[in-house]
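Report on the structure
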Amino acid sequence: MAGISDTESYIRTFLDGGAPSARHPKCDVDCGGLSAPIKIALRDNVSYIVAAVLINEADEVLFMQEAKASCKGSWYLPAGRVERNESLDEAVYREVLEETGLEFTPTAVIFIESIQGTWMRVTYTGHVTGGKLKTTEEADKESLQAAWFPVKDGFPTDENLIIRAPDIAELVKVAVRYKESKGKLATVPVLNPYSDICFRFFITVLNRSKVSVLLYGDHFPLVDIYLRNPHKVFATLTAMAFGSPVVGEFIGALSIEHTGKPHGEADGICITCLVYIETDKLPTNSEFRLYEIEEPSLKNELLQSIQNDKPIPVFIRR
């Protein structure tokens, strides 16, 4: 069992947008998943998409014009699939460079979407550091050109532009809010290798004035969500811990871990999801325990994370 200082240091690591170095690299809580383990392999049974919402000093957003036959001439955010043996940071840098001609530094993940762990889109923001904006003379199979546009309600204000898909609006609005906010997590992926598609549940338990977290042994429960809905997994997890399911509110992601290297061995991903519940129940399963946070600054930081929308929004498509 970890000592008090170790536990509080562990908790604070996640509140700061980080994660311990591959402390528990595999899922360790069995919530009744697949009958047989599946080896996760990128582009075979899982797909990751990266996208970038870059905003310049004039509050314009960077868009690219599609070259693919199915959507040629329409406009979209720079985005694309993560390749084998590629990290998320490397993938988003490559996509922005290929599609817009600009180099940039990824500074934060601002939105994560998931469909039963088989498909995920990770959206970044960041700062342009170099390169040259792609023109029509430099059109290729990646894009026809790139341009900066002012936006309103998540869309370019130029009504003559054909937008490839309306899903960009929410991503742009999140990026604008992130730029305007103070205190949001500046989280980039932690380079820890995972072979599974995992949710680490950072469950905060509020009971009157007490603030506790649910631990599985000395760490947060790490659960496989491949081909599963995280909300249903959470219900199963709380039933295991407390004897019956407990309703929780998903606040968002505190960290994301992925390396992608080597392919076939580290194609998994781990998202630490902050959830809070209000209950006076105590764990009935001896493998779980509540750790009460008494240190004032840590307690306040955790409550602020819950109340002030600090974590990364996570959208789970059912």
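In this text the structure is predicted, and so the values were computed from the model without any measurement. Here the residue numbering is sequential within each chain, running from 1 through the sequence in written order. Only residues with pLDDT of 70 or above have their local features reported here, since the model is predicted, and side-chain atom pairs are shown and tallied only from 80 upward, although totals for entire chains, interfaces and linings are computed over all residues. Values shown for side chains rest on all heavy atoms present in the structure; no hydrogens or waters enter the calculation.

1. Side note on the pattern of salt bridges
Opposite charge on two side chains permits them to pair, given that their charged atoms come into close proximity. Throughout this description, the term salt bridge denotes a Lys or Arg side-chain nitrogen within 4 Å of a carboxyl oxygen of Asp or Glu. Summed over the entire model, instances satisfying the criterion amount to 19 salt bridges. One salt bridge connects Glu83 with Arg43, and the closest N-O pair in it is separated by 2.6 Å. With Glu83 in the loop between strand E4 (79-81) and helix H2 (88-100) and Arg43 in the loop between helix H1 (4-15) and strand E1 (47-52), this pair connects stretches of sequence that are 40 residues apart. Burial classes: relative accessible area under 20% of the type maximum marks a residue as buried, over 50% as exposed, and values in between as partly exposed (1.4 Å probe, protein chains only). Judged by its relative accessible area of 33%, Glu83 falls in the partly exposed class. Assessed through its relative accessible area of 33%, Arg43 is described here as partly exposed. Secondary structure elements follow DSSP: runs of H or I of four or more residues count as helices, runs of E of two or more count as strands, with numbering from the N terminus.

2. Observations regarding helix H3 (residues 168-180)
Helices are assigned an expected span. That span is 1.5 Å times one less than the residue count. For H3, spanning 13 residues, the distance from its first C-alpha to its last is 18 Å, which sits close to the expected 18 Å at 1.5 Å a residue. Where H3 is concerned, the buried positions are Ile168, Ala169, Leu171, Val172, Val174, Ala175 and Tyr178. Where the residues of H3 are buried, they touch strand E2 (60-65), strand E3 (75-76), strand E5 (102-115), strand E6 (119-131), strand E7 (145-152) and strand E8 (155-156). The criterion used for residue contact is that any of the two residues' heavy atoms lie within 4.5 Å.

3. Quick notes on the sheet that holds E8
Pairing is antiparallel in the open sheet, where four strands are placed in the order E3-E2-E7-E8. Among the strands making up the open sheet, the edge pair consists of E3 and E8. Two strands pair under a simple rule: DSSP has to find at least two bridges between them. Alignment of E2 against E7, held across six bridges, turns out to be antiparallel. Bridge pairing in E7 links Phe63 to Ala147. Strands in contact with H3 are E2, E3, E7 and E8; relative to E2, the strand with the most contacts, it is inclined by about 150 degrees. Here an angle of 0 to 180 degrees is reported between the N-to-C directions of two axes, which are lines fitted to C-alpha atoms, with helices fitted over the stretch in contact.

4. A short note on the sheet that holds strand E15 (residues 314-317)
For sheets, the rule is that strands pair by backbone hydrogen bonds, running either parallel or antiparallel. Pairing within the open sheet is mixed, and its five strands lie in the order E4-E1-E6-E5-E15. A strand with exactly one partner marks an edge of an open sheet, and here the two such strands are E4 and E15. If you compare each strand with its neighbour and ignore which way they point, the axes differ by 30 degrees on average. Across four bridges, E5 lies against E15 in parallel orientation. When the sheet's bridge partners are listed, Ile115 is paired in E15 with Arg317. Contacts between H3 and the sheet are confined to E5 and E6, with E5 contributing the most and set at about 120 degrees to the helix.

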